[in-house]
Amino acid sequence: MPYFWRRKFTDRTDVMHSLLKLAAVVTAATLLAGCGGEDFSGAYRFKVPGADRIMVLNVHGDEAEIFAEENRGARIKPLVKMKASVKGEKLLLDDLNSSERLALQRNVDERSLDCLNCKVLNIKDGALWKYDPKGPYDVAQLLKDQARKDEAALNAQMERMQQQIIDNVNREKEAAKLTPYEGEWVYQRMSKRDSLSIMTIWRKSQVKQWAFNFESMDRLGHDLPVFEVTEAGLKIGQPGEARLYTLSADKQILTCVDCAKTERWVKADPKKDLSDRHYARQLAGNPSAI
């Protein structure tokens, strides 16, 4: 090929390469202008005023959703799924099930988002959605984890209910043996710091205990302790912590035989009412020891 034609061919090739490069640059610039050069992927949080709820905007690629965190993050609740797009410097979110659109833009902190029309969510326009560095979240996985926890909690509740049924059956069996111990009993105070404690023992209502402030008679506590009637006496308390009580010959005193300190209960007169503060205090005693 003559030199002239070779030169002309080379020049045309160089021009074509230049044009292709220019086209690529223009295309890239056009795409960049269309998306604003922004990547809004991530999570953003909004605290609902006056409510124990946080709304989380979760953006990943061209998809987004809003879910609520309730009870201090203990539970999540999906609210809406959206299509995400970017126009200029704005993030546009289109509801997949309606014509609603949210528009947001970067806050001055370059991380969080300012909502431009959040009235569609019943939120004041200009609301700040704070950037969450832990996002974006895998919502599907979060819901699976929540479902597993719910199932485990339900199973635990069922086990507790079954155990309660077993305990109630056992209590009723033991209650039939309470006849020798039936009555209302008052703890004999050993110190001024001791509360006024009352215990009722009946086959029908089983064993119940109350504690009151000795001076004011304000109630301090109420308990339905586990109990067991044995040949050695009446055991009160959880297994491994139960204390053994025995009756005096006249069945008027109930004494703990394995307590670390002296513990005695005196039987109240069935003809008197322990709601009489004077009588209850008299039975409990008012020792001078501190």
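The structure we're discussing is the one just above.
So, how was this worked out
Residues numbered from 1 in each chain as written. Predicted model: local features only at pLDDT ≥ 70, side-chain atom pairs only at ≥ 80, totals over all residues. Heavy atoms only, no water. Pairing = 2+ DSSP bridges. Helix = DSSP H or I, 4+ residues; strand = E, 2+ residues; numbered from the N terminus. Axes fitted to C-alpha atoms, helices over the stretch in contact; angles between N-to-C directions. Contact = heavy atoms within 4.5 Å. Buried < 20%, exposed > 50% of the residue type's maximum accessible area, 1.4 Å probe, protein only. Arc of directions from axis to C-beta. Polar contact = N/O pair within 3.5 Å; in protein donor to acceptor, adjacent residues only side chain to side chain. Expected span 1.5 Å × (residues − 1). Phe/Tyr/Trp six-rings, centres within 6.5 Å; stacked < 30°, edge-to-face > 60°. Lys NZ or Arg CZ within 6 Å of the ring centre and 35° of its normal.

Caption draft 1: Quick peek at the sheet that holds strand β15 (residues 243-247). Taken together, the nine strands give an open sheet; going across it, the order is β12-β11-β10-β9-β17-β16-β15-β14-β13, and neighbouring strands pair in antiparallel fashion. Every other strand in the sheet has two partners, leaving β12 (219-223) and β13 (227-229) as the edge strands with one partner each. Each adjacent strand pair in this sheet contributes to an overall mean axis angle of 25°, direction not counted. Bridging between strand β16 (residues 253-256) and strand β17 (residues 264-267) involves three bridges; their strand directions are antiparallel. Looking at β17, one finds that Ile 253 is bridged to Val 266. The strands touched by helix α2 (residues 139-175) are β11 (206-212) and β13; relative to β13, the strand with the most contacts, the crossing angle is about 40°. Sitting on the sheet, helix α3 (residues 277-284) is in contact with β9 (183-187), β10 (196-202) and β17, with an inclination near 65° to β9.

Caption draft 2: Region of the structure containing α3. Along α3, the positions that sit buried rather than exposed are Tyr 279, Ala 280, Leu 283 and Ala 284. All buried residues of α3 project into a common sector of 130° when viewed along the axis, lining one side. Counted as exposed and oriented over 90 degrees from the buried face of α3: His 278 and Gln 282. Looking at the buried residues of α3, the elements they touch are β9, β10 and β17. One side-chain oxygen at the N-terminal end of α3 lies 3.0 Å from the backbone nitrogen of His 278; it belongs to Asp 276. Positive phi appears at Gly 285, one or two residues downstream of α3, with a value of about 85°.

Caption draft 3: Molecular detail of α2. End to end, α2 covers 53 Å across 37 residues, agreeing with the expected 54 Å (1.5 Å per residue, within 8%). Where α2 is concerned, the buried positions are Val 139, Gln 146, Arg 171, Glu 174 and Ala 175. Structurally, α2 contributes buried residues whose contacts are with β2 (53-60), β3 (63-70), β4 (75-87), β11 and β13.

Caption draft 4: Here's a closer look at the packing of aromatic side chains. Going through the model one piece at a time under the given rule, you end up with four aromatic pairs. Their ring planes at 90° and their centres at 6.1 Å tell us that Phe 67 and Tyr 137 sit as a pair that is edge-to-face. Of this pair, Phe 67 sits in strand β3 while Tyr 137 sits in the loop between β8 (128-132) and α2, and the two are 70 residues apart along the sequence. In this structure, Phe 67 and Tyr 137 share a single accessibility class: buried. For the cation-ring pair, Arg 189 lies above Phe 214, with the distance from its terminal atom to the ring centre recorded as 3.9 Å. In this arrangement the basic side chain of Arg 281 is found over the ring face of Phe 214, its NZ or CZ atom lying 5.9 Å from the centre.

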